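Residue-level structure breakdown
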Amino acid sequence: MTRIIALAAAACLTGQAAFAHAFLDRASPAVGSEVSGSPPALSLTYTEPVEPLFSTVRVTDSSGARVDAGQPAPKDDGRVLQVELKPLKPGVYSVEWHVTSVDTHKTEGHFTFTVKP
């Protein structure tokens, strides 16, 4: 009987891991925030490690012009993507992200932040 319970518990744990996705946990600048001055980079922290080769981060100004400086770089344990930013003028900036977690699940999202004058 103990063996059946142990096998059932292991199956439950395995099932949860198989359905994991990398969701945005936090950002810097933060989602919807107002910052003073131009941040040098945007950092996105996810709930699971992401595969940088299959992930994109796009930062645009109010006219739709890109202000990020290229492909995001992984940091820490693979849960953080960081992209350098060009000098930002005061205004509202949009962030659009698409990531593939290391278990191949895809997630995406978008948000804005504001650079104050």
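Before reading further, recall that the structure is shown in the block above.
Bear in mind that the values here come from a model prediction, so they are computed numbers and not experimental data.

Spatial ordering of the open sheet is given by S2-S8-S7-S4, a layout of four strands whose pairing is mixed. The sheet terminates laterally at strand S2 (34–36) and strand S4 (56–60), the two strands that pair on one side only. Averaged over all pairs of adjacent strands, the angle between strand axes in this sheet comes to 25 degrees, irrespective of strand direction. Judged from the five bridges that link them, S4 and strand S7 (residues 91–100) form a sheet pairing that is antiparallel. Within S7, the position partnered with Val57 by the bridge is Trp97.

Before going further, it helps to spend a moment on the packing of aromatic side chains. Evaluated as defined, the whole model comprises two aromatic pairs. For the ring pair Tyr46 and Trp97, a centre distance of 5.2 Å and an interplane angle of 70 degrees mean the geometry is edge-to-face. Separated by 51 residues along the polypeptide, Tyr46 in strand S3 (residues 41–46) and Trp97 in strand S7 bring together distant segments of the chain. For the pair Tyr46 and Trp97, one class covers both residues: buried. Relative to Phe113, the ring of Tyr93 has its centre 5.8 Å away and its plane inclined at 25 degrees; by these criteria the two rings are stacked. One end of the pair, Tyr93, is in strand S7; the other, Phe113, is in strand S8 (residues 106–116), and 20 residues separate them in sequence. Neither Tyr93 nor Phe113 differs from the other in exposure class; each is buried.

Moving on to the sheet that holds S3. Spatially, four strands are ordered S1-S3-S6-S5 in an open sheet, and the strand pairing comes out antiparallel. Only two strands of the sheet have a single partner each, and these edge strands are strand S1 (24–28) and strand S5 (73–75). Geometrically, the sheet is characterised by an average inter-axis angle of 25 degrees between neighbouring strands, direction not taken into account. The sheet contact formed by S1 and S3 spans four bridges and is antiparallel. Following the sheet pairing, Ser28 is matched in S3 by Ser43.

What counts and what doesn't
Residues numbered from 1 in each chain as written. Predicted model: local features only at pLDDT ≥ 70, side-chain atom pairs only at ≥ 80, totals over all residues. Heavy atoms only, no water. Pairing = 2+ DSSP bridges. Helix = DSSP H or I, 4+ residues; strand = E, 2+ residues; numbered from the N terminus. Axes fitted to C-alpha atoms, helices over the stretch in contact; angles between N-to-C directions. Phe/Tyr/Trp six-rings, centres within 6.5 Å; stacked < 30°, edge-to-face > 60°. Buried < 20%, exposed > 50% of the residue type's maximum accessible area, 1.4 Å probe, protein only.

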